[in-house]
Amino acid sequence: PRLAHMILAAPRDLTGTACDIAALLGERDVLRGQQGPPDADLRLRLEAMLGTGHDSREMVHGMWVDRDGVRRARQQSREWRRRFGAGIDADRDSIRSGDETDAAARDAIESAELLLALAYPDRIAQRRTAESGDRFLLRNGRGAVLARPQALSAEPWIVVAELDDQQAESRIMLAAPVSLGELEAQLDAEIVREEIVEWDAPTRSVVARRRERLGALVLADAPLRDADPDRVAAALLEGVRTTGIGALSWPDDARRLRERIAFVGRHESDWPDVSDDALHASLGAWLGPDLAGLRTLAEVQRLDLGESLRRMLGWRQRAALDELAPTHITVPSGSRIPIDYGDPETPVLAVRLQEMFGCTDTPSIARGRVPLTVHLLSPANRPVQITRDLAGFWRKSYFDVRKDLRGRYPKHHWPDDPLAATPTSRAKRRLT
C-alpha cells in the first residue's frame, strides 16, 4: 500500500521514477558490500538500476551489483509503468558507458527523496546532533542508526525506506537524504506551528520559543520575543509552584509579617492560612499579580513578599493586625521591644530583667487573650528566666536569680525590692 500510494501521489513527471523505486524496494537489495553491509543510500541502487550494464562483476561506488536483481527490478518497474500509464523508456535496458547516467537519470535519482517521503512520511528522520554521527530520530519518535559511518551520516534529514527493527534503535537499511525545504513544501499541512511558553527548570526561568514541528521532529526553533504576557506570568507561576514555596526569598519584614498573620489566624476566625501548604495552594491569588513582566525565579526572589501577603487581608483585617499582633511592645523602662512570633503558639518578648522592674502584669496581645512568654535577659542579653507569670517570678524566683546576677554583674543594680525599683535600660546603675 505504501508503494502504490507513492506512485499514485507522485507528480506526473515523476511517476516513472516512482515505479523504479517501488520495484527496487520490492526486490532484495541489489548492492553487495565488499566487507560488511553496503551503503544505505537508496540513490545508489537507483543509479545501478538506471545505468548498470550486464556484467555481473560491475560495481557502483565500490559495491557489487546483483545483475539478476537489477533485471528483476527493471521488469517489475515496466509492469508498474504499464499499470499506472507512466510509459516505458525504450533505452531502459541499454548498456550505458561506465557508471555515468544521463541528465534524465540524474534527475530521477535526485527525486528519490521527494518520492520516499510520500511513501514513508512517518520515517522522515532528523540527525540527533552533529556529534551523534549515525544516530537519527524518526518522526514517529523512534530511534534509528546507520550500521557504519557513510555519506548519509552527515545528512541533517533523511527518509528511511527500510529498517531491521531488531534493536531499541533500529538499523537503517535503506534511506535517502531530503532537504528541509522539500519537507516544508511537501508536508506543509502536517507541520505544527506553535508558540511555546514554558518553565525551564535548569535555568529557573520562563522560555518562550516559536517552533515548527513534524511529529517528534523539530523543524525550526527560535526565540519568541513578543510572547503573550499572561502566558509568561502563568508559566512563571507554574515554575514557582513546581520549585516550591521554600525557594522564595523571605526578607525579615515579610517573614515577620507572615508569622504575625499566622498567630492571629490561630485566635481569630476567617483569617488567611499562611502555612506553606496553604500558600502553595493559593499561589495565584497572593503572588500571581506581582509576576507581570518577570521571567526568572531570581526576579521573583527580589519581590517584596510582604506586600504580596497583605493582599490576602481584607481592609478590616489590615486595620486590626497591629492591634491583635503588634510588632513591638513598650516595657516599663520606656523601650519599644520587638515581639517574636516565630512560634505562633507562644510569642516571645525578650527583654532585660532590669527594664521590667515594678511590672507585675505579664504583657499580653490579641486584645489581652494571649500572655507573652517573657524571656528575662541578663545584661549580656542571655536568658536568665522564662516566664508567663511576672508577678510569680518577682515573688518566688527573683531572689535566686538576683544572687547569681549580683555575682556575675556586680556593677549593676539588683534591688532588694524589684517592685519598688525604677526600671532602667541602662547597662549599669548611675552613681549618686
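Residues numbered from 1 in each chain as written. Predicted model: local features only at pLDDT ≥ 70, side-chain atom pairs only at ≥ 80, totals over all residues. Heavy atoms only, no water.

## Focus on the sheet that holds strand β2 (residues 59-60)
For clarity, the threshold we go by: Any two strands with at least two DSSP bridges between them are considered paired. The numbering of helices and of strands both runs from the N terminus, where a helix is a DSSP run of H or I of at least 4 residues and a strand a run of E of at least 2.
An order of β1-β3-β2 is seen for the three strands of this open sheet, with the pairing classed as antiparallel. At either end of the open sheet lies a strand with only one pairing partner, and these are β1 (31-32) and β2. As judged from the two bridges shared by β1 and strand β3 (residues 63-65), these two strands associate in the antiparallel manner. What sits directly across from Arg 32, in β3, is Trp 64.

## Observations concerning the pairing of strand β7 (residues 157-163)
Where we set the bar: Partly exposed residues are those whose accessible area sits between 20% and 50% of the maximum for their type, while under 20% is buried and over 50% is exposed, using a 1.4 Å probe and protein chains only.
Among the seven residues in β7, six count as buried, and that is most of the element. Bridge count for strand β4 (residues 124-127) against β7 is three bridges, and the pairing is antiparallel. Within β7, the residue paired with Gln 126 across the bridge is Trp 157. Taken together, β7 and the strand that follows it, strand β8 (residues 169-177), pair antiparallel across an intervening segment of five residues, in which Asp 165 is found at a positive phi of about 55 degrees.

## Thoughts on the nonpolar core
Put simply, the rule reads: Side-chain atoms within 4.5 Å are what join buried Ala, Val, Leu, Ile, Met, Phe, Trp, Tyr and Cys residues into a set we call a nonpolar core. Note on contacts: a residue pair is in contact if any heavy atoms of the two residues lie within 4.5 Å.
If you look at the biggest cluster of nonpolar residues, it comprises 64 residues, and the most contacted ones within it are Leu 248, Trp 250, Trp 286, Leu 287, Val 300 and Leu 353. Considering every element that reaches this core, the biggest residue donor is helix α15 (residues 390-408), with six residues. Apart from residues lying up to four places away in sequence, Val 300 is in contact with Leu 236, Val 240, Leu 248, Leu 287, Leu 291 and Leu 294.

## What to know about the packing of aromatic side chains
Operational definition: Working definition: rings of Phe, Tyr and Trp (its six-membered ring) pair if their centres are within 6.5 Å, and the pair is stacked with planes under 30 degrees apart, edge-to-face with planes over 60 apart, and tilted otherwise. Here, over-ring charges are defined by two tests on the NZ atom of lysine or the CZ atom of arginine: distance to the ring centre within 6 Å, and angle to the ring normal within 35 degrees.
Evaluated as defined, the whole model comprises eight aromatic pairs. Residues Phe 357 and Trp 394 carry aromatic rings whose centres are separated by 6.1 Å and whose planes lie at 55 degrees to one another, so their mutual orientation is tilted. Here Phe 357, found in the loop between β14 (348-352) and β15 (364-365), pairs with Trp 394, found in helix α15; they are 37 residues apart in sequence, far enough to count as distant. Each member of the pair, Phe 357 as well as Trp 394, carries the same accessibility label: buried. Ring-pair connections join several aromatic residues into one group, and the members of that group are Phe 357, Phe 393, Trp 394, Tyr 398 and Phe 399. The positively charged end of Arg 258 is found above the aromatic ring belonging to Trp 250, 4.7 Å away from the centroid.

## Quick notes on the side chain of Asp 39
Here is the rule we go by: The sign given to each residue is positive for Lys and Arg and negative for Asp and Glu; His and the chain ends receive no count. The term salt bridge refers to a pairing of a side-chain nitrogen on Lys or Arg with a carboxyl oxygen on Asp or Glu at a separation within 4 Å. Think of a polar contact as two N or O atoms within 3.5 Å of one another; within protein, one of them needs to be a possible hydrogen donor and the other a possible acceptor, and neighboring residues in sequence only count if both atoms come from side chains.
Residue placement: Asp 39 occurs in the loop between β1 and α3 (42-51). An unpaired buried charge is present at Asp 39: no salt bridge exists, and Arg 148, the closest side chain of opposite charge, is 4.5 Å distant. Separated by 2.9 Å, the side chain of Asp 39 and the backbone nitrogen of Asp 41 make a polar contact. The contact partners of Asp 39, leaving out residues within four places of it in the chain, are Leu 44, Arg 45, Met 63, Arg 148, Gln 150 and Ala 151.

## Quick look at the pattern of salt bridges
Considering all chains together, one arrives at 33 salt bridges under this definition. We note a salt bridge from Glu 195 to Arg 210, for which the minimum N-O separation is 3.4 Å. With Glu 195 in strand β9 (residues 192-200) and Arg 210 in strand β10 (residues 205-214), this pair connects stretches of sequence that are 15 residues apart. Owing to a relative accessible area of 37%, Glu 195 belongs among the partly exposed residues under this scheme. For Arg 210, a relative accessible area of 41% translates into the label partly exposed. Look at the salt bridges and you will find they share partners, linking Glu 268, Glu 323, Arg 367 and Arg 369 into a network.

## Considerations on α15
What counts, and what does not: How far a helix is expected to stretch is found by multiplying one less than its residue total by 1.5 Å.
The end-to-end C-alpha distance of α15, which contains 19 residues, comes to just 23 Å, noticeably less than the 27 Å that a straight helix rising 1.5 Å per residue would cover. Leu 390, Ala 391, Gly 392, Phe 393, Trp 394, Tyr 398, Val 401, Arg 402 and Leu 405 are the residues of α15 that are buried.

## A few points about the sheet that holds β10
Heads up, the condition is: Every axis corresponds to a line fitted to the C-alpha atoms, with the helix fit spanning only the stretch in contact, and the corresponding angles, defined between N-to-C directions, vary from 0 to 180 degrees.
Spatially, three strands are ordered β9-β10-β11 in an open sheet, and the strand pairing comes out antiparallel. Only two strands of the sheet have a single partner each, and these edge strands are β9 and β11 (217-223). The average undirected angle you get between the axes of adjacent strands in this sheet is 30 degrees. One ladder, built from six bridges, connects β10 with β11; its direction is antiparallel. Counted as the bridge partner of Glu 212 is Ala 220 from β11. Sitting on the sheet, helix α8 (residues 229-243) is in contact with β9 and β10, with an inclination near 40 degrees to β9.

## Let's talk about the confidence of the model for the protein
The following threshold applies: The pLDDT score gives, residue by residue, the confidence of the prediction method on a 0 to 100 scale.
Of all residues in the protein, 93% have pLDDT values of 70 or greater, and the mean over the chain is 89. Across the protein, the element-wise mean pLDDT spans from 74 in helix α5 (residues 103-110) up to 98 in β14. Considering only residues more than four positions removed or in separate chains, one finds that residues 52-57, a stretch of pLDDT under 50, has 14 contacts.

## Focus on the packing of helix α1 (residues 2-9) against helix α2 (residues 15-25)
Here is the rule: Angles are sorted into four bins: roughly parallel if under 35 degrees, roughly antiparallel if over 145, roughly perpendicular if 65 to 115, and oblique for all others. All amino acids are sorted into three groups, where Ala, Val, Leu, Ile, Met, Phe, Trp, Tyr, Cys and Pro are nonpolar, Asp, Glu, Lys and Arg are charged, and the leftover types, Gly among them, are polar.
Look at α1 against α2: their axes get within 8 Å of each other, and the N-to-C directions meet at 170 degrees. Taken together, the axes of α1 and α2 lie roughly antiparallel to each other. Residues Leu 3, Met 6 and Ile 7 of α1 pack against Thr 15, Ala 18, Cys 19, Ile 21, Ala 22 and Leu 25 of α2. Here the residues of the contact of α1 with α2 sort into eight nonpolar, one polar and no charged.

## Concerning the packing of α1 against helix α6 (residues 112-119)
When two helices pack together, their arrangement is given by the angle between the helix axes and by the axis-to-axis distance. To keep it simple, the criterion reads: Helix crossings fall into two classes, left-handed where the near helix is turned counterclockwise from the far one by less than a right angle and right-handed where it is turned clockwise.
With their axes 8 Å apart at the nearest point, α1 and α6 run at an angle of 125 degrees to one another. Taken as axis vectors, α1 and α6 run oblique relative to one another. Seen along the crossing, α1 lies across α6 with a hand that is right-handed. In this structure, α1 uses Arg 2, His 5, Met 6 and Ala 9 to contact α6, whose residues at the interface are Leu 115, Leu 116, Leu 118 and Ala 119. Counted by class, the contact of α1 with α6 contains six nonpolar, one polar and one charged residues.

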